[in-house]
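# Observations on the three-dimensional arrangement
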Amino acid sequence: MEGFRIVVLIKQVPDIEKVRFDVETGRVDRSSAPAETNPFDLNALEAALQIKERCGGTVTVISMGPRQAESSLKDAIARGADRAILLTDPRLAGADTIATARALAAAIKKLGGFDLILCGEKTVDGDTGQVGPEVAELLGIPHAAYVCELREISRDRVVVVSDMGDKYLYELELPALLTVTRELNTPRLPTLKDLLRAKRAGIEVWTADDLSEHVPANMLGYQGSRTRVVKVVIPSAEHRKGIIYRGEDAVEKIAEILLSEVAAI
Amino acid sequence: MSGKGILVYAETRESEIHPISFELLGKAREIAEKLGLEVWSVILGSGISDKASQLIHYGADRVYAYDDERLRDLNVVAYKSVLVDFVKETKPEIFLIGATPWGRSLAPRIAAALDTGLTADCIDLQVSEDGKLIQIRPAFTGNILAHIETTSKPIMTTIRYRVMKMPEPDPSRRGEVIVRRPERVEADGVKFLGKVSERGVNLADAEIIVAGGKGLKKKEDLRILEELAGLLGGVVGVSRPLVEEGWISKDHQVGFSGNTVKPRIYIACGISGSPQHLAGMRDSGIIIAVNTDPSAPIFRHADYGVVADLYEFIPRLISFLKEVKGHGKGVVKGA
């Protein structure tokens, strides 16, 4: 029996702890912070690697982004992915979620067959969580979102727990797409040896031309997007009072506030 | 009838309407007045037809109720297929869906099937001077607010729970209820096997949250926060590290990868205030922070900060409040 053909979708994002924002222009200064793989995507990759180790198969990682996103793909190779593909092209830039999903779905079609697609529940920069389910719809396969537990996987189906506030159990026929939460597992760290090996690994680069068999270029990138960002503002924290207590009277002051606000006391 | 409408998806859980649906109707009403639209609502499920009148009371002019045994369970492919057919038939201008986990799983499938734009997790909708719908949403873990326009129809938006005002229901309000059975329910490939567990605590609806972070030294110390929360009629929240330590279940987690909360009072104890945590609680009413480190970012987002060790401060606060309560002085403004 041949193993599972697993695809993991990843995105390179700025380190959200360090990234700076220009309050005046509303611009995100991406150069202000090192880039890293979206943390949720590492849980998706880890799940893929665990399935491969248990049941056999291959893990292909796909990312769309600028050339620098290669480093996230190399990191995925270091962690154990077999193949990495970067979708990069000025014609792919400025994509909203639907245009992004079209590019990713086209790339997955180009790969040929697949059994399982995994991605993080959302990214720390876009925050939408939309691309995964959109890819599933474009490929005409079922999906489960917010997967926090993978109960069973067999040749033709997977049983998962989906965290919808309450937790629900779903069985999906394969091929299927899962978006995963951080509780699913703890991502492994690559060893130094793996990192050195991955440094030399080849990353396949695909452009809009490579996807043209499955999606026309005018459906990709900014041109193919259905939404436009008209303005960005940085919310200020200034509306907070910012009163600081240090001394003995802090207990009484805070109690006063609570007593005036809370009916239960 | 104008024939043009703004559509609100009424989310149901076990035949009950999720309150987000009423909030969306309130906002839809406001936009409908500005743009000259009708407000439509669509509800799916099994045995839900009698709930449709509630949606009229909250502002819908017309409710389409798809009442069918095949829609009893939350099956994303089944719901998608019925809603896509419905939208293709009725052609709403705008389609609003609650940004609950279920709504966020369902909406993108519908948008992709309709090949239309979808804006996630909005916190406000405005109508521009030239009559365009502006969708406002946080991005970069809540660090920025993007104003977004959609260039296709319908304009699809998911909206966060508890950011729109809950309208007052008007039981005398009249509207049309159309009960339907879907022609086609495509449910290929997904089987709902049942509920595994209910969430233990509902942070999204909590009015008072006492939250703990890395300033807590051991699991047992959560009791201190539980005691304060109990006294205030609130619940306990935590930052992500405590969930990762296995001290408490994920339903208590506040933050980007946990729950977004909007209580009247949020008391952050021993929480430094990472961007991920702030993304989950920055819209709280009053924020009180207790931390030993005066440079902790949480203080910049707090109304009242206390530079103190929570192990000293919180027990003293508890006994002070108990003493006041014992003397019957707890008469409260606005109670």
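Each chain carries its own residue numbering, running from 1 in the written order of its sequence. Chain labels run from A onward and ligand labels from 1 onward, assigned in the order the entries are written. Two thresholds apply to this predicted model, a pLDDT of at least 70 for residue-level local features and 80 or more for giving and counting side-chain atom pairs, whereas whole-chain, interface and lining totals are computed over all residues.

What follows deals with the overall build of chain B. Only DSSP runs of H or I with at least four residues qualify as helices, and only runs of E with at least two residues qualify as strands; both kinds are numbered from the N terminus onward. The helix and strand inventory of chain B stands at eight helices and 18 strands. Between the two quantities, the radius of gyration covers C-alpha atoms and the globule rule is 2.2 Å times the number of residues to the power 0.38. Relative to the 2.2 N^0.38 estimate, which gives 20 Å for 335 residues, the radius of gyration of chain B is 22 Å and therefore close to what a compact globule would have. By residue count, 54% of the 335 residues in chain B fall in the buried class. A pair of residues counts as a contact when their C-beta atoms, built from backbone coordinates, are separated by no more than 7 Å. In chain B, the share of contacts with a sequence separation of at least 24, taken over all contacts with a separation of at least 6, comes to 64%. The exposure label follows from counting other C-beta atoms within 10 Å of a residue's C-beta, where the C-beta atoms are placed from the backbone and the thresholds are 20 or more for buried and 12 or fewer for exposed, leaving partly exposed in between.

Moving on to the nonpolar core. Burial of nonpolar side chains together is a common tendency in soluble globular proteins. Note on terminology: a nonpolar core is a set of buried residues of type Ala, Val, Leu, Ile, Met, Phe, Trp, Tyr or Cys, with members joined through C-beta atoms within 7 Å. Within the largest apolar cluster, 135 residues are counted, with the highest numbers of intra-cluster contacts made by A:V8, A:A103, A:L104, A:L118 and B:L96. Residues within four places of A:L104 in sequence aside, it is in contact with A:L9, A:I62, A:M64, A:V131 and A:V135. By size, the runner-up hydrophobic cluster in this structure holds 50 residues, among which are A:L258, B:M281, B:A296 and B:L317.

All names here are of chain B. Lines fitted to C-alpha atoms define the axes, with helix axes restricted to the stretch in contact, and inter-axis angles between N-to-C directions lie between 0 and 180 degrees. Here helix α3 (residues 76–90) crosses helix α4 (residues 101–114) at 45°, and the two axes come no closer than 9 Å. Classed by the angle they form, the pair α3 and α4 counts as oblique. Seen from above, α3 lies across α4 with right-handed handedness. Taking contact as the criterion, the partners of V76, Y79, K80, L83, V84 and V87 in α3 are, on α4, S105, L106, R109, I110, A113 and L114. Of the residues belonging to the contact of α3 with α4, the class tally is nine nonpolar, one polar and two charged. To sort the angles, those under 35 degrees are grouped as roughly parallel, those over 145 as roughly antiparallel, those from 65 to 115 as roughly perpendicular, and the leftovers as oblique. Crossing chirality is assigned from the near helix's rotation relative to the far helix, an anticlockwise turn below a right angle marking it left-handed and a clockwise turn marking it right-handed. Residue polarity is assigned by list, with Asp, Glu, Lys and Arg as charged and Ala, Val, Leu, Ile, Met, Phe, Trp, Tyr, Cys and Pro as nonpolar; anything else, Gly included, falls into the polar class.

Between chain B and chain A, the contact holds 78 residues from the first and 74 residues from the second. Here the side of chain B that touches chain A takes nine residues from α4(B), the largest share from any one element. Tallied by class, the residues present in the side of chain B that touches chain A amount to 44 nonpolar, 19 polar and 15 charged.

All names here are of chain A. Direction vectors running N to C along helix α2 (residues 70–79) and helix α5 (residues 192–199) enclose 130°, while the axes themselves pass 8 Å from each other. On the basis of the axis angle, α2 is oblique to α5. Crossing geometry of α2 relative to α5 is assigned as right-handed. Between α2, through K74, I77 and A78, and α5, the contact on the second element is made entirely by D194, L195, R197, A198 and K199.

Time to look at unusual backbone geometry. Of the consecutive residues A:L174 and A:P175, the connecting peptide bond is found in the cis state with omega at 0°. The topology assignment puts A:P175 in the loop between β11 (166–173) and β12 (176–180). One non-glycine residue, A:D127, adopts positive backbone phi at about 60°. With respect to the helices and strands, A:D127 occurs in the loop between β8 (116–120) and α4 (131–139). The class for A:D127 is buried, based on 21 C-beta atoms found within 10 Å. Even without being a glycine, B:D121 presents a positive backbone phi close to 60°.

The predicted structure's coordinates, where accompanied by low pLDDT, should not be read in detail. Residue and element names in this part refer to chain B. Scored from 0 to 100, pLDDT records how confident the predictor is in each individual residue. Scored by pLDDT, chain B has a mean of 93; 97% of the residues are at 70 or more. Note that residues 330–335 has pLDDT below 50 and, in this model, nine contacts with residues that lie over four places away or in other chains. Quick note on the complex model: pTM equals 0.92, ipTM equals 0.93.

Residues and elements named next belong to chain B. Segment limits for the domains were obtained from an automatic or database-derived domain assignment. For chain B, the domain assignment lists domain 1 (5–180) and domain 2 (203–326). One C-alpha centre belongs to domain 1, the other to domain 2, and the line joining them spans 33 Å. Contacts between domain 1 and domain 2 engage six residues on the former and nine residues on the latter. Of the residues assigned to the side of domain 1 that touches domain 2, the class counts are one nonpolar, three polar and two charged.

Attention now moves to the sheet that holds strand β18 (residues 304–307) of chain B. Strand pairing is defined by DSSP finding a minimum of two bridges between the two strands. Strand order across the open sheet formed by six strands is β15(A)-β18(B)-β17(B)-β16(B)-β14(B)-β15(B), with parallel pairing between neighbours. The open sheet has two edge strands with one neighbour each: β15 (243–245) of chain A together with β15 (235–238) of chain B. Here the average twist between neighbouring strands, direction ignored, is 20°. Taken strand by strand, helix α8 (residues 250–261) of chain A contacts β15 of chain A together with β16 (265–269), β17 (286–291) and β18 of chain B, and its axis lies near 150° from that of β18(B). This element, helix α5 (residues 222–232) of chain B, spans β14 (208–212), β15 and β16 of chain B of the sheet and lies at about 170° to β14(B).

Attention now moves to the pairing of strand β5 (residues 62–67) of chain B. All names here are of chain B. Across the six residues of β5, six count as buried, placing the element largely inside the fold. Two strands pair when backbone bridges link them, and strand β4 (residues 38–45) and β5 are joined in this way by six bridges, in the parallel orientation. Its bridge partner lying in β5, G45 is registered against D67. Orienting the strands away from the viewer, one traces the path from the first strand over the helix to the second; a clockwise path indicates a right-handed crossover. Running through helix α2 (residues 52–57), the crossover from β4 to the neighbouring parallel element β5 is right-handed. One ladder, built from five bridges, connects β5 with strand β12 (residues 176–180); its direction is parallel. Directly across from A65, in β12, lies its bridge partner V179.

With that out of the way, let us pick up the pairing of strand β1 (residues 4–10) of chain A. Residues and elements named next belong to chain A. For β1, a buried count of six out of seven residues is recorded, marking the element as mostly surrounded by other parts of the structure. Direction of pairing for β1 relative to strand β6 (residues 57–64): parallel, over a ladder of seven bridges. Within β6, the position partnered with I6 by the bridge is V59. Inspection of the sheet shows β1 paired to β8 by four bridges, in the parallel sense.

Turning our eyes to something else, we now look at the sheet that holds strand β9 (residues 133–139) of chain B. Read across the open sheet, the four strands follow the order β14(A)-β10(B)-β9(B)-β8(B); overall the sheet is antiparallel. At either margin of the open sheet sits one strand with a lone partner, and together these are β14 (227–233) of chain A together with β8 (124–127) of chain B. Mean inter-strand twist for the sheet, computed between neighbouring axes without regard to direction, equals 30°. Where β9(B) lies against strand β10 (residues 144–150) of chain B, five bridges are found, and the strand directions are antiparallel. Bridged to B:I136 within β10(B) is B:H147. Here helix α1 (residues 20–35) of chain B sits on the sheet and contacts β8 and β9 of chain B; the angle it forms with β8(B), its principal contact strand, is near 10°.

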